[in-house]
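Below, each chain spelled out in residue letters.
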Amino acid sequence: MTGSPSWPEPTPTPEPPPATAPVRRLHPAAIAVYSASAAGNLALPLAVVLGMSVLGNGLDLMDLMRTLGYGVVGLVVAVIIGYVRWSTTRYWISAAGISHHTGLVSQKDTNVPFDRIQALDVQQGVLQRWFGVQRVDVQTGAGGKGGEISLPALLPDAVAELRGLKPSAVAEEADGVSRALTRRELVEAAFTAGQLGIVLPVLAVIGQAAGQVAEEEGSRNAVQLIPDTAGGWVLIGVALLVLAWVLSTLGAFIAFAGFTVTRGEDRLRIRRGLLQRSEATVPLHRVRAVRVVEGVFRRPFGLCALSIEVTGYAEEASAARTLFPLVRVGEVQEFLDEFLPEMAAVGHGERPEGAVPARDRRTRSAGAVVALDRPPARAARRYIAPPVLGALVLVVAGWFFVGPWALLALLFAPYGWARWRAAGWRFEDGRLAVRTLRIARTTVLAPARYRESHTWAQNVFQRRAHLADLEVAFGKRTTARIRHLDAATAQAAWQAL
Amino acid sequence: MIAAPTRTLAPQARLVWGAAQLGLWGALAIGAAMLSQVDALDWWPLVAAVVGLVVCVPLVPILRWRRWRWDVQEPGIDIRHGLFSVRQTLVPWVRVQHVETRRGVLEQAMNLATVVVHTAAGSHTIPLLAEKDAEELRDRIAELARTDPDA
């Protein structure tokens, strides 16, 4: 982690702390933080050793004792490492900016000039909270993971001192609108989070591990665990879904508790977290697009979550991605007008109301964030047919294995119809809005000039029907893709973009 | 219909693609032949592989090369390609983060280079360019990166 440069530096040594700049040290709580991270690094090899011996010849007392011994040694080593890192870490503030020195054997010096500081992110993890300290990450535009200077344990006074150096890097609550997630919204957000896509794979892995353990226990028991009827499988499936839902609800509670977003002069500040308080500062010029995500469990209630595409933040904590975890769909425009007018949708806020021509083919369907154009009617069957055909194939193939239960696959058939209902787009005044459905219904709102690239695509079948797709990429996680537009329209939009 | 960009890839690209197709279908044909030896399986996988060998090896490189078009223009890099599905992409200059040039063994032998243009959202590949085209592209991007404050 602390690699010293192996080549001679142009300036022999980083400037020593000048007499005028008092050298600061971290709060001793940093020993705990550093030790914990060192222990984390040691834990994996230890787990491998344990796992090997268990797989090798079962777990006996000797192995257990030996592992325990390794654990104690590892812990002692971790604490020593933590102490050394704390005792050798210091930072100072001078005319040159913030300087940071760490390391005993391999030493590392970092200097960040004041005008390069993009943000001072303050976090409070479980350990920090225990000791009443805070973690400060000095962020520059370099875009590496974590801060360029990371100070894991500072007393509030020291944090205030750092913030005083660069007030513009810190959006104070006073300098802009702010909105906190209310208790009721938190409950609603947690119960409708439904991040099954994240939880289910984890459960699958756990299930597999459990299955292996059961096999070790004795194959007879394991056979009993495997359901012998399709009904049993469905029961297991439902149980898994319920478990996944409970986990996702808990996860959302922990992640979104205390969520607050503050709009400053030129940056957003987002704070969140129950166990791990995290705070992220996002410069506004790095916000490229807003996604309005209406999840399956939220849509019936007219609720959605807002997330932002932040360029250069791909590796940073997810704190930088959620703009607000729960908003009523009807209030999205007001929310954006208040916090991100740069991103608010087409023909809203910027222009007088009357200037937008009301065209009949424009549908503002119930719950739509913004008025949208539909793809032409002849595209409908292209949305609807593939899932219907897929479902029929599944039914026929599945009938041989599970009999009438295969009919469950028909539940999948209306998916294409839902996609057709959701598909919509609008491109006006340089603002782009694209709505698609992929389980969740997502609307991307962004100024078109923020795109990274744009594409039109047409396959052989679309060519005959004069249809084409349009894709506009705004970042690693945001690509607005609308399928089966009229070819001429798609290409005109492509040229105008 | 939008006009296609005008520049093509290097003519030798067809040879490189031909070699790749030959490798693919050749391996499939050998595999199919071995399968039919081992287990007296049907002979149709072998027939399919041989048909693929005869049809795809000469045809795919020619068609693909004809369809592949690119150009450097005022707004950015214009790329259009695809046989069954045509895709045309525009990458504005200001969004180019960096450019990468790759040269495999065959490409080195034929003085070709593959240029990969990276943006914050992903990368776009222009394969098998003549070396002078690849250099022009790289220089142009470097020059724009110097002048543009946003880059």
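As annotated in an unreviewed UniProt entry, chain B carries the name PH domain-containing protein and comes from Solirubrobacter phytolaccae.

Looking at an unreviewed UniProt entry, chain A carries the name PH domain-containing protein, with the source organism given as Solirubrobacter phytolaccae.

Thoughts on the overall build of chain A
Counting its secondary structure elements, chain A contains 13 helices and 20 strands. Within chain A, the proportion of its 497 residues that are buried is 44%. Considering only contacts in chain A between residues 6 or more positions apart, those separated by 24 or more positions represent 58%. Of the roughly 26000 Å² that chain A leaves accessible, carbon and sulfur atoms contribute 64%.

Side note on helix 13 (residues 487-496) of chain A
Along helix 13 of chain A, the positions that sit buried rather than exposed are A487, A490, Q491, A493 and W494 of chain A. For helix 13 of chain A, the angular spread of buried residues about the axis comes to 160°, placing them on one side. What points out from helix 13 of chain A, more than 90 degrees from its buried face, is the exposed set A488, Q495 and A496 of chain A. Considering only its buried residues, helix 13 of chain A is in contact with strand 15 (424-428), strand 18 (453-459), strand 19 (467-473) and strand 20 (479-486) of chain A together with strand 2 (76-81) and strand 3 (85-92) of chain B.

Description of the UniProt feature "transmembrane region" (unreviewed entry) in chain B
All names here are of chain B. Following the UniProt record, one finds the feature "transmembrane region" (unreviewed entry) at residues 15-37 and 43-63. Split by type, residues 15-37 is 100% helix and 0% strand. Its first and last C-alpha atoms lie 32 Å apart. Span residues 43-63 is 95% helix and 0% strand, its end C-alpha atoms 29 Å apart.

A look at the UniProt feature "transmembrane region" (unreviewed entry) in chain A
All names here are of chain A. In the UniProt entry, the feature "transmembrane region" (unreviewed entry) is given for residues 31-55, 67-84, 189-210, 230-262 and 388-413. Within residues 67-84, the helical portion is 100% and the strand portion 0%, while the C-alpha atoms at the span's ends are 25 Å from each other. Taken end to end, residues 388-413 comprises 58% helix and 0% strand; its first and last C-alpha atoms sit 4 Å apart.

Quick look at a negative patch on the surface
Residue and element names in this part refer to chain A. A surface patch of like charges, here negative, comprises E331, E334, D337 and E338. Along the chain, E334 turns up in helix 9 (residues 332-339). Residue classification places E334 among the exposed residues on the basis of a relative accessible area of 54%.

Section: the sheet that holds strand 12 (residues 287-294) of chain A
Residue and element names in this part refer to chain A. Spatial strand order, 14-13-12-17-16-15: 6 strands in an open sheet with antiparallel pairing. Each of the sheet's edge strands pairs with one partner strand only, and the pair in question is strand 14 (322-328) and strand 15. Pairs of neighbouring strands in the sheet enclose a mean axial angle of 20°, with direction left out of account. The pairing of strand 13 (residues 303-310) with strand 14 spans 4 bridges and is classified as antiparallel. Across the sheet, the residue bridging to C304 is V327, located in strand 14.

Considering the pattern of salt bridges
All names here are of chain A. Applying the stated rule across the entire model yields 21 salt bridges over all chains. The partner of R291 in a salt bridge is E309, with the nearest N and O atoms 3.7 Å apart. Of this pair, R291 sits in strand 12 while E309 sits in strand 13, and the two are 18 residues apart along the sequence. A relative accessible area of 15% places R291 in the buried class.

Concerning unusual backbone geometry
Positive phi values are uncommon outside glycine, yet H484 of chain A reaches one of about 60°. Structurally, the position occupied by H484 of chain A is in strand 20. On the accessibility criterion, H484 of chain A (7% relative accessible area) is buried. At N111 of chain B, a position not held by glycine, the phi torsion is positive, near 60°.

Some remarks on the packing of aromatic side chains
All names here are of chain A. This structure, assessed with the given rule, holds 8 aromatic pairs over all chains. Measuring from ring centre to ring centre gives 5.8 Å for F191 and W245, while their planes differ by 40°; the resulting arrangement is tilted. Placement of F191 in helix 5 (residues 183-191) and of W245 in helix 8 (residues 230-256) is noted, with a sequence separation of 54 residues between them. Both rings, one in F324 and one in F335, keep their centres 5.3 Å apart while their planes meet at 45°; by these two values the pair is tilted. Separated by 11 residues along the polypeptide, F324 in strand 14 and F335 in helix 9 bring together distant segments of the chain. Given a relative accessible area of 0%, F324 falls into the buried group.

With respect to the nonpolar core
Within the largest apolar cluster, 70 residues are counted, with the highest numbers of intra-cluster contacts made by L336 and L340 of chain A. Setting aside residues up to four positions removed in sequence, L336 of chain A forms contacts with V290, L306, L323, P341, A344 and L445 of chain A.

Points about the interface of chain B and chain A
Frequently, the measure chosen for interface size is the accessible area removed from exposure when the parts meet. The interface is formed by 20 residues belonging to chain B together with 23 residues belonging to chain A. Between chain B and chain A, a total of about 1800 Å² is buried, with carbon and sulfur atoms accounting for 50% of that surface. Among the residues chain B hides against chain A, the three largest losses belong to I2, R95 and A121 of chain B. Together they make up 31% of the total. Taken together, the links from chain B to chain A amount to 1 salt bridge. Note that R87 of chain B and E471 of chain A form a salt bridge whose closest N and O atoms lie 3.1 Å from each other. Our count for the contact surface shared by chain B and chain A stands at 12 residue pairs in polar contact (both at pLDDT 80 or more). Take the side of chain B that touches chain A: its biggest share by element is 8 residues, from strand 3 of chain B. Class assignment for the residues of the side of chain B that touches chain A results in 10 nonpolar, 5 polar and 5 charged. Pairing between strand 18 of chain A and strand 3 of chain B: 6 bridges, direction antiparallel. Along strand 3 of chain B, the bridge assignment pairs Q458 of chain A with V86 of chain B.

About the criteria used
- Counting from 1, residues in each chain are numbered in the order their sequence is written.
- Chain A is the first chain written and ligand 1 is the first ligand written, with later ones labelled in order.
- pLDDT decides what is reported in this predicted model: residues at 70 or higher carry local features, side-chain atom pairs at 80 or more are listed and counted, and totals for whole chains, interfaces and linings draw on all residues regardless.
- Heavy atoms from the whole structure form the basis of all side-chain values; hydrogens and water molecules are not counted.
- Only DSSP runs of H or I covering at least 4 residues are called helices, and only runs of E covering at least 2 are called strands; the numbering of each starts at the N terminus.
- Note on exposure labels: buried denotes an accessible area under 20% of the residue type's maximum, exposed denotes more than 50%, and partly exposed covers the range between, all computed with a 1.4 Å probe on protein chains only.
- In what follows, residue pairs with any heavy atoms lying within 4.5 Å of each other are defined as contacts.
- Every accessible area reported is derived by Shrake-Rupley at a probe size of 1.4 Å, with residue values counting cover from the shown protein chains alone.
- Throughout, the arc means that of the directions going from the helix axis to the C-beta atoms.
- UniProt positions are given in the numbering used here, feature names are shortened, and annotations may be inferred rather than shown by experiment.
- Patches draw on residues past 30% relative accessible area with no salt bridge. Two like charges within 9 Å are joined, as are two nonpolar side chains (Val, Leu, Ile, Met, Phe, Trp, Tyr) within 5 Å.
- Note on definitions: salt bridges are taken to be side-chain nitrogens of Lys or Arg within 4 Å of carboxyl oxygens of Asp or Glu.
- Only four residue types enter the charge count, namely Lys and Arg as positive and Asp and Glu as negative; His and the chain termini do not.
- Think of each charge as sitting on NZ of Lys, CZ of Arg, CG of Asp or CD of Glu.
- Any two strands with at least two DSSP-identified bridges between them are counted as paired.
- Think of each axis as a best-fit line through the C-alpha atoms, taken over the contacting stretch in the case of a helix, with angles from 0 to 180 degrees between the N-to-C directions.
- Centres within 6.5 Å make a pair out of two Phe, Tyr or Trp rings, where for Trp the six-membered ring is used; the pair is then stacked when the planes are under 30 degrees apart, edge-to-face when over 60, and tilted otherwise.
- Residues grouped as a nonpolar core are buried Ala, Val, Leu, Ile, Met, Phe, Trp, Tyr and Cys residues, joined through side-chain atoms within 4.5 Å.
- Accessible area, probed at 1.4 Å, shrinks when two parts are joined; the buried area is that loss added up over both.
- Any N or O atom pair separated by 3.5 Å or less is treated as a polar contact, with the protein-specific requirement of one donor-capable and one acceptor-capable atom, and with residues adjacent in sequence counted only for side-chain atom pairs.
- Side-chain classes follow a simple rule in which Ala, Val, Leu, Ile, Met, Phe, Trp, Tyr, Cys and Pro form the nonpolar group, Asp, Glu, Lys and Arg form the charged group, and the remainder, Gly included, forms the polar group.

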